[in-house]
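Analysis of the macromolecular model
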Amino acid sequence: MKHNFEVGQKVLFVKDTHNRVEFNEKTITHISRRWVSVQPWSDKFDKNTLEVYAGVYTSDYSVYLSEEHYYDTMKMREEWRILCHNFQGFYPPENMTLEKINKIKEIIEDDK
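So, here's what we can say about the structure. In this text the structure is predicted, and so the values were computed from the model without any measurement. The numbers attached to residues start from 1 for each chain and follow its sequence in the written order. Only residues with pLDDT of at least 70 are given local features in this predicted model, and only at 80 or more are side-chain atom pairs given and counted; all residues enter the totals for whole chains, interfaces and linings. Side-chain measures here rest on the full set of heavy atoms in the structure, leaving out hydrogens and waters.

Let us now look at the packing of aromatic side chains. What characterises a pair of aromatic rings is the spacing of the ring centres plus the angle enclosed by the ring planes. Two aromatic rings, drawn from Phe, Tyr or Trp (for Trp, its six-membered ring), form a pair once their centres lie within 6.5 Å of each other, and the interplanar angle then sorts them: stacked below 30 degrees, edge-to-face above 60, tilted otherwise. Following the criterion strictly, the structure yields nine aromatic pairs and no others. The interplanar angle of 85° and the centroid separation of 5.2 Å between the aromatic rings of Tyr64 and Tyr70 together place this pair among those described as edge-to-face. Across the pair, Tyr70 and Tyr64 agree in class, each one buried. Each ring, one from Tyr70 and one from Tyr71, has its centre 5.0 Å from the other, and the planes form 70°; the classification is edge-to-face. Type-normalised accessible area, obtained with a 1.4 Å probe on protein chains alone, sets the label of each residue: buried when under 20%, exposed when over 50%, and partly exposed for intermediate values. For Tyr70, a relative accessible area of 3% translates into the label buried. On the basis of relative accessible area, Tyr71 is assigned to the partly exposed category, the value being 45%. In this structure an aromatic cluster arises from ring pairing among Phe5, Phe13, Phe45 and Tyr61.

See below:
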C-alpha cells in the first residue's frame, strides 16, 4: 500500500506484547526513496510496508498512521482469523449455500 508521508507528520510506533500496548508518537524528519526517518531515537521505516528497520534483528515495533489505524488493523485481523476458521475443511459449513459462496467470491475478486 502506498502512503503519502510529509515531513512534520506524526506517526505511531506501536509495541504490542499481547498483554500491553505501548504507543510512541514520532515525527517524520526525512523521506527518501524507500525510508521514512523519524525522531526521537533516529528510527526509520519502509514507506510502503511500514516495517521498522532493525538491521539484522526483528523490530519490536510496528508503524501505524494513528491509534484508529492500529485498532482498525487489529479488528480486521481478528475478523479475518474468524473468517478463515469458518472456511477450514474440505466441505462448506452446513449453513453455506452456493449463492453465499458466489457473493463471497465476487467480493474477493472485486479487489484484484
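Below, the discussion takes up unusual backbone geometry. Note the cis peptide between Gln39 and Pro40, where omega equals 0°. We count a stretch as a helix when DSSP gives it H or I for four or more residues in a row; a strand needs E for two or more, and each element gets its number in order from the N terminus. Here Pro40 is to be found in the loop between strand E3 (35-39) and strand E4 (43-46). Positive phi, normally seen in glycine, also occurs at Trp41, with a value near 75°. Residue position: Trp41 is located in the loop between E3 and E4. For Trp41, a relative accessible area of 58% translates into the label exposed. With phi around 50°, Ser42 is a residue other than glycine that occupies positive phi space. Relative to the helices and strands, Ser42 is located in the loop between E3 and E4.

The rule for a salt bridge is simple: a side-chain nitrogen of Lys or Arg has to be within 4 Å of a carboxyl oxygen of Asp or Glu. Taken as a whole and judged by the stated rule, the model has seven salt bridges. The shortest N-O distance in the salt bridge between Glu22 and Arg20 comes to 2.9 Å. Given the relative accessible area of 23%, Glu22 is considered partly exposed. Glu99 serves as the salt-bridge partner of Lys103, at 3.7 Å between the closest nitrogen and oxygen.

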